[in-house]
Amino acid sequence: AEATRVEAPLTARALAIGTDADGPVVIVTAEVIAVSEAISEAVRALARTLLARHGVGDVAIPRHARGFPLWPEGWVGSLSHSAGWGAVALGRRTRWRGVGVDIEDPARMKPALWSHILTAGERRGLEGLGAAEAGLGATLAFSAKEAAFKVLSPLGLASPGCLDVAIVQREEGEFGLRAETPEKFPAVAALCGRWAVVHGRVLAVCGLRGTYSNSLS
């Protein structure tokens with residue numbers, strides 16, 4: 001399906017999306033940091049700042065042996081960075097089993113990659129679009145799948161690869177995901193997501209609500 005460009009408002013330092021009590025909180029740094037190690041630490045510092053705003057004192061955000069961040073008690077979260085931009089997603093554990101965030105530069109999503117990251121149906125949906133629109137659609141699909149993986153993998157739930165799942169666009173700025181084989185990836189249908197274009201980058205955040213039961217996963 002065609003992706004609609006949504007330019008989200010950006011403050012001097014951060015963008016907030018979904019800051020209502022029931023939704024994940026997402027902020028995107030406006031700092032451009034060229035060194036990957038530096039931006040990784042900057043994103044963690046941003047996460048600590050956001051936690052502090054919610055009354056959580058200065059805490060470490062260590063890395064699990066499998067690579068995902070470990071959050072303080074009562075919180076779930078996710079980190080992402082790409083081409084000098086970073087994103088943080090946070091949610092209260094009372095409402096969310098997990099959240100994931102991904103930020104991508106459409107310029108990196110070359111058509112040669114599409115057969116590796118998009119299902120056949122998704123590729124057909126991009127046919128006939130202009131190069132910019134098709135690139136945005138491909139980037140959104142990939143970013144949504146990356147965000148979904150960051151939700152499911154830390155929870156030990158079955159996590160699909162890019163070709164195992166397709167994006168389903170809903171109302172403007174919202175998306176869901178559909179597994180090609182739902183019986184293998186039952187949690188996918190329960191994921192809810194939001195997205196925006198921020199200074200040319202695609203931002204996707206995905207969440208699995210705390211009411212989800214993994215008895216079938």
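Residues numbered from 1 in each chain as written. Predicted model: local features only at pLDDT ≥ 70, side-chain atom pairs only at ≥ 80, totals over all residues. Heavy atoms only, no water.

1. Quick word on the overall build of the protein chain
For the record, the criterion: Labels follow the DSSP assignment, with helices taken as runs of H or I lasting at least four residues and strands as runs of E lasting at least two, numbered in each case from the N terminus. To sort residues, take the accessible area from a 1.4 Å probe on protein chains only and compare it with the maximum for the residue type: under 20% means buried, over 50% means exposed, and anything in between is partly exposed. Under the convention used here, a 1.4 Å probe and the Shrake-Rupley method define accessible areas, while residue burial counts only the protein chains that appear.
Of regular secondary structure, the protein chain possesses four helices and nine strands. Along its sequence from the N terminus, the protein chain presents helices and strands in the succession β-β-α-β-β-β-α-α-α-β-β-β-β. Residue burial in the protein chain is summarised as follows: out of 217 residues, 48% are buried. Summed over all atoms, the accessible surface of the protein chain reaches about 10,400 Å², with 53% contributed by carbon and sulfur.

2. Some thoughts on the sheet that holds strand β7 (residues 174-179)
To keep things clear, this is the line we draw: Two strands make a pair as long as DSSP finds a minimum of two bridges between them. For every element, the axis is a line fit to its C-alpha atoms; helices are fit only across the contacting stretch, and the angle between N-to-C directions ranges from 0 to 180 degrees. Contact criterion: two residues are considered in contact whenever any of their non-hydrogen atoms come within 4.5 Å of each other.
A sheet is described by the order of its strands in space; here five strands give the open sequence β5-β9-β8-β7-β6, paired in antiparallel fashion. The open sheet has two edge strands, β5 (96-104) and β6 (165-169), and neither has a second partner. Averaged over all adjacent pairs, the angle separating strand axes in this sheet is 25°, with direction ignored. Sitting on the sheet, helix α4 (residues 131-152) touches β5, β6, β7, β8 (192-198) and β9 (201-209), and the angle it makes with β5 is about 145°.

3. Things to note about the layout of surface pockets
Put simply, the test is: Using a 1 Å grid laid over the protein atoms alone, points where a 1.4 Å probe fits but cannot get out form a cavity; open sets with protein on both sides within 12 Å along at least 5 of 7 lines form a pocket; any residue with an atom within 4 Å of a point counts as lining. Grid points are joined across faces, edges and corners, and a volume is the space filled by probe spheres set on the points. Ten residues, namely Ala, Val, Leu, Ile, Met, Phe, Trp, Tyr, Cys and Pro, are considered nonpolar, four, namely Asp, Glu, Lys and Arg, are considered charged, and the remaining ones, Gly among them, are considered polar.
Quantified by volume, the largest pocket comes out at close to 350 Å³. Together, 17 residues line the largest pocket, and Gly67, Phe68, Pro69, Leu79 and Lys150 are the ones closest to its centre. Classifying every residue of the lining of the largest pocket gives six nonpolar, seven polar and four charged.

4. Here we look at the state of the cysteines
Threshold: Cysteine sulfur atoms that pair up within 2.5 Å are treated as a disulfide.
Tallied over the full model, the rule gives zero disulfides. No disulfide involves cysteine 192; its sulfur sits 6.6 Å from that of cysteine 206, the nearest cysteine. Cysteine 206 gets classed as buried once you look at its relative accessible area, which sits at 1%.

5. Considering the pattern of salt bridges
The following threshold applies: Basic side-chain nitrogens of Lys or Arg form a salt bridge, by our definition, when they fall within 4 Å of a carboxyl oxygen of Asp or Glu.
Enumeration according to the criterion identifies five salt bridges in this entry. A salt bridge links aspartate 102 to lysine 150, with the shortest nitrogen-to-oxygen separation between them at 3.9 Å. Taken as a pair, aspartate 102 in strand β5 and lysine 150 in helix α4 lie far apart in primary sequence, 48 residues in all. On the accessibility criterion, aspartate 102 (3% relative accessible area) is buried. The exposure class of lysine 150 is partly exposed, given its relative accessible area of 23%. With its nearest N and O atoms 3.8 Å apart, the salt bridge here joins arginine 108 to glutamate 104. What makes glutamate 104 buried here is its relative accessible area of 8%.

6. Structural notes on the side chain of serine 80
Definition in use: In the analysis that follows, any N or O atom pair within 3.5 Å is treated as a polar contact, provided that within protein one partner can donate a hydrogen and the other can accept it, and provided that, for residues neighboring in sequence, both atoms belong to side chains.
With respect to the element layout, serine 80 can be found in strand β3 (residues 75-82). There is a polar contact of 3.2 Å between the side chain of serine 80 and the backbone nitrogen of isoleucine 103. Ignoring anything within four residues of it in the chain, the contact list for serine 80 reads Val43, Trp85, Gly86, Ala87, Val101, Asp102, Ile103 and Lys150.

7. Brief notes about α4
Here is the rule we go by: Expected helix span is taken as 1.5 Å per residue step, with the number of steps being one fewer than the number of residues.
Given a rise of 1.5 Å per residue, 22 residues ought to cover 32 Å, and the 32 Å separating the end C-alpha atoms of α4 matches this to within 8%. Counted residue by residue, α4 has 16 buried out of 22 residues, so it is predominantly covered.

8. Section: the nonpolar core
Quick reminder of the rule: In these notes, a set of buried Ala, Val, Leu, Ile, Met, Phe, Trp, Tyr and Cys residues joined through side-chain atoms within 4.5 Å is what counts as a nonpolar core.
Core analysis: the largest hydrophobic core is formed by 34 residues, its most contacted members being Trp114, Leu152, Phe175, Leu177, Leu191 and Cys206. Contributing elements (two or more residues each) for this core: α2 (114-117), α4, β6, β7, β8 and β9. For this core, the leading source of residues is α4, giving 11 residues. In this structure, Ile39, Leu51, Val88 and Leu90 belong to the second largest nonpolar core, which totals 13 residues.

9. Comments concerning the confidence of the model for the protein chain
Do not read the predicted coordinates in detail wherever pLDDT is low. We apply this condition: How sure the predictor is of each residue is captured by pLDDT, a score from 0 to 100.
Scored by pLDDT, the protein chain has a mean of 81; 80% of the residues are at 70 or more. Highest mean pLDDT in the protein chain belongs to α2 (96); lowest belongs to strand β1 (residues 16-17) (50). Within the model, pLDDT remains below 50 along residues 1-15, and this stretch shows 44 contacts once partners closer than five positions in the same chain are excluded.

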